[in-house]
Structure formats: structure tokens, C-alpha cells
Amino acid sequence: MMIRIAVVEDEDSAERSLRENLENWNAQKKYLFQIERYRTAEDFLEKYDSGFDVVFMDIELNGMDGVRAAKKLREFDEQVVLIFVTNMKKYVVSGYEVGALNYIVKPINFFSFSLTMDRCMRRLESRGTDSICVKIPYGFKKIQCSDIYYVDIIKHELLFHTVNGAVKTYGNLKEWKNKLESYGFARCNASAIVNLRYVESVVGDDIYIGGDVIRISRTKKKSFLETFTIFIGEKR
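Quick notes on the rules
- Residues numbered from 1 in each chain as written.
- Predicted model: local features only at pLDDT ≥ 70, side-chain atom pairs only at ≥ 80, totals over all residues.
- Heavy atoms only, no water.
- Helix = DSSP H or I, 4+ residues; strand = E, 2+ residues; numbered from the N terminus.
- Buried < 20%, exposed > 50% of the residue type's maximum accessible area, 1.4 Å probe, protein only.
- Contact = heavy atoms within 4.5 Å.
- Areas by Shrake-Rupley, 256 points an atom, 1.4 Å probe, with all protein chains shown as cover.
- Lys, Arg positive; Asp, Glu negative; His and termini not counted.
- Charge placed at Lys NZ, Arg CZ, Asp CG, Glu CD.
- Pairing = 2+ DSSP bridges.
- Axes fitted to C-alpha atoms, helices over the stretch in contact; angles between N-to-C directions.
- Salt bridge = Lys/Arg side-chain N within 4 Å of Asp/Glu carboxyl O.
- Polar contact = N/O pair within 3.5 Å; in protein donor to acceptor, adjacent residues only side chain to side chain.
- Core = buried A, V, L, I, M, F, W, Y, C linked by side-chain atoms within 4.5 Å.
- Phe/Tyr/Trp six-rings, centres within 6.5 Å; stacked < 30°, edge-to-face > 60°.
- Lys NZ or Arg CZ within 6 Å of the ring centre and 35° of its normal.

Caption draft 1: View of the overall build of the protein. Counting its regular elements, the protein contains seven helices and 15 strands. On the principal axes, the C-alpha backbone points of the protein span a range of 65 × 35 × 30 Å. The burial tally for the protein puts 46% of its 236 residues in the buried class. Counting only contacts in the protein whose residues sit at least 6 apart along the sequence, the fraction spanning at least 24 positions is 55%. As presented, the protein carries roughly 12,600 Å² of accessible surface, and 49% of it is formed by carbon and sulfur atoms. Averaging the locations of the 36 positively and 34 negatively charged side chains of the protein gives two centres separated by 5 Å.

Structure (C-alpha cells):
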């Protein structure tokens, strides 16, 4: 299992300590790590590509502090595991506000660090790999497929309607239909694909899903209902 880790830390000694603790913890685990280090939060956010699994964020950074950076990070990646690194425990409340898994106090205690990493890996392994990355104006956003109600398109503008709100991007609906089909999505008309697990009911030509109503086109109705019937049968 390859784990991509971002370390946002401006102190060389603190960054070395974190790497050493990771290596010691992993001596028996045998995961593969790819670690990328950033000295400032600004550089980290500017280059962020939503491909990281874990982010270690120092709170007391030069320039933008770690708490502000974490809040901006959560605007386009709600899934990455975030672990704060700090000199003071007073920041623990801030960590909960941005969904941090835990916080590590400097100097690092290996026993506490190991417990945090064990929790981290359980989180990653239970999350699975059913996520996608979509391009947004300021970078990329990672979305869990299981969080998507449906995707529709208006004048080449794609909207991913999710449990956490809508995400706007651009692209080809057919390409996304092909990518999402294996996760239980089906096309119901020329401009929408729906997550079958969230379909509340089908009444006539209307699909009720996520608080919205989507029309089934005449040309897609037969194939959609067949797919939906098979899906329902498999879930019983």
C-alpha cells in the first residue's frame, strides 16, 4: 500500500524528527511511503493536487499558520487525513474544527505517535479507494463516489451534487459516466447520471434523489429501469 504524505513544516529538525518516527513506526508495518515536504502553507496550498493520503501540518508556521491553512485545505479536500504538529496543546480545539484526526506535540513521543499512525492507517484502510478528483478553479477537489447524489451538465459545465453540496467543474458527461458506472451510477437522460443507491423513488418519468427531481428521458427509460431493478436486487 503506497501512502502519499505531505509534511508542512518550516523547521528542519522537526521535519527530520517526524521522518525518523515514521521510519521507526514502519519498521514492522512495511508500508511504502512517498513523503513531500513544504516549508510554507502558501507553497503547500498552491501546489496541492488532492493526491495525498495524509497531511502533517505544523501549526506555528511562518506566514500563514497551520490552522488557517487547514481551513483552506478543507475547502477542496474533505477526505485527506490531517494531523496537526504543535508545541502547545491549546490548539486541539482548532484541530476538531477542521476534522483533524489528532495532534502531535513536539518533541514527538514515539508511543503517542505510534497510536496516532495506527488510527491513521485504520482510517485509510476503511475509507477504501472509491474517490475521484475533479478540477476546480483553484486546483483539484477529491470526492468520495459514495457521497455523490448525481452529476448533471449544463452548457459544458458539470455539477457534482454531493452530500456536502455541489462541486462545479467542466468536462464530458460521457467520460464521467464511464468512470462512475462501476460504482453504481446510471445515465437517466442526455444530461444526468445518478447514483442508484440514493434513488428514493421513481414515479412515472421522475426520479426523486437527494431532495431533487430528475426526469428520465424516453430513450433512456427502459435501460435505466432495468439497471435500477438489477441494482435493487443485488442490494437485497
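Caption draft 2: The arrangement of the sheet that holds strand β4 (residues 81-86) in detail. An order of β2-β1-β3-β4-β5 is seen for the five strands of this open sheet, with the pairing classed as parallel. In this open sheet, the two edge strands, each paired with only one partner strand, are β2 (32-38) and β5 (102-105). The sheet shows a mean angle of 20 degrees between the axes of neighbouring strands, direction not considered. Where strand β1 (residues 2-8) meets β2, seven bridges bridge the pair, whose relative direction is parallel. What sits directly across from Ile5, in β2, is Ile35. Running at roughly 170 degrees to β2, helix α1 (residues 12-26) makes contact with β1, β2 and β3 (54-58) of the sheet. The strands touched by helix α3 (residues 66-76) are β3 and β4; relative to β4, the strand with the most contacts, the crossing angle is about 175 degrees.

Caption draft 3: Highlighting the pattern of salt bridges. All chains considered together, the criterion is met by 13 salt bridges. For Asp43, the salt bridge identified is with Lys47, shortest N-O distance 3.1 Å. With a gap of four residues between them, Asp43 and Lys47 both fall in helix α2 (residues 41-47), about one helical turn apart. The class of Asp43 is partly exposed, set by a relative accessible area of 23%. Residue Lys177 pairs with Glu181 through a salt bridge whose shortest N-O separation is 2.8 Å. Linked through salt bridges whose partners overlap, the residues forming this network are Asp205, Asp206, Arg215 and Lys221.

Caption draft 4: Quick look at α3. The set of residues buried in α3 consists of Gly66, Val67, Ala69, Ala70, Leu73, Arg74 and Phe76. One side-chain oxygen at the N-terminal end of α3 lies 3.0 Å from the backbone nitrogen of Val67; it belongs to Asp65.

Caption draft 5: Representation of the side chain of Thr116. Structurally, Thr116 is set in helix α5 (residues 110-127). Looking at Thr116, its side chain comes within polar contact range of the side chain of Asn102, at 3.0 Å. Those residues in contact with Thr116, other than ones at most four positions away along the chain, are Ile83, Leu101 and Asn102.

Caption draft 6: Layout of the nonpolar core. Grouped together as the largest cluster of nonpolar side chains are 39 residues, with contacts concentrated most on Phe44, Val55 and Phe160. Examining the composition of this core, we find that five residues originate from one element, α3, more than from any other. For Val55, the contacting residues outside a window of four places in its chain are Ala6, Val8, Phe44, Tyr48, Leu73, Val80, Val81, Leu82 and Ile83. The next biggest cluster of nonpolar side chains, apart from the first, holds 20 residues, and it includes Ile3, Val7, Leu101 and Cys120.

Caption draft 7: Layout of the packing of aromatic side chains. Taken as a whole and judged by the stated rule, the model has 12 aromatic pairs. Both rings, one in Tyr38 and one in Phe52, keep their centres 6.3 Å apart while their planes meet at 85 degrees; by these two values the pair is edge-to-face. Here Phe52 lies in the loop between α2 and β3 and Tyr38 lies in strand β2, a separation of 14 residues in the sequence. Connected via pairs of aromatic rings, a cluster forms that spans Tyr38, Phe44, Tyr48, Phe52 and Phe76. A cation over an aromatic ring shows up here: Arg4 above the ring of Phe52, its NZ or CZ 4.2 Å from the ring centre. Lys179 extends its terminal NZ or CZ atom over the ring of Trp176, reaching a point 4.3 Å from the ring centre.

Caption draft 8: Region of interest: the environment of Tyr208. Mapped onto the fold, Tyr208 is located in strand β14 (residues 206-209). Tyr208 gets classed as partly exposed once you look at its relative accessible area, which sits at 30%. Remark: the alpha-carbon pair of Tyr208 and Tyr198, spanning 10 residues in sequence, is separated by 8.7 Å. Contact partners of Tyr208, with chain neighbours within four places excluded, come to Tyr198, Val199, Glu200, Ser201, Val203 and Val213.

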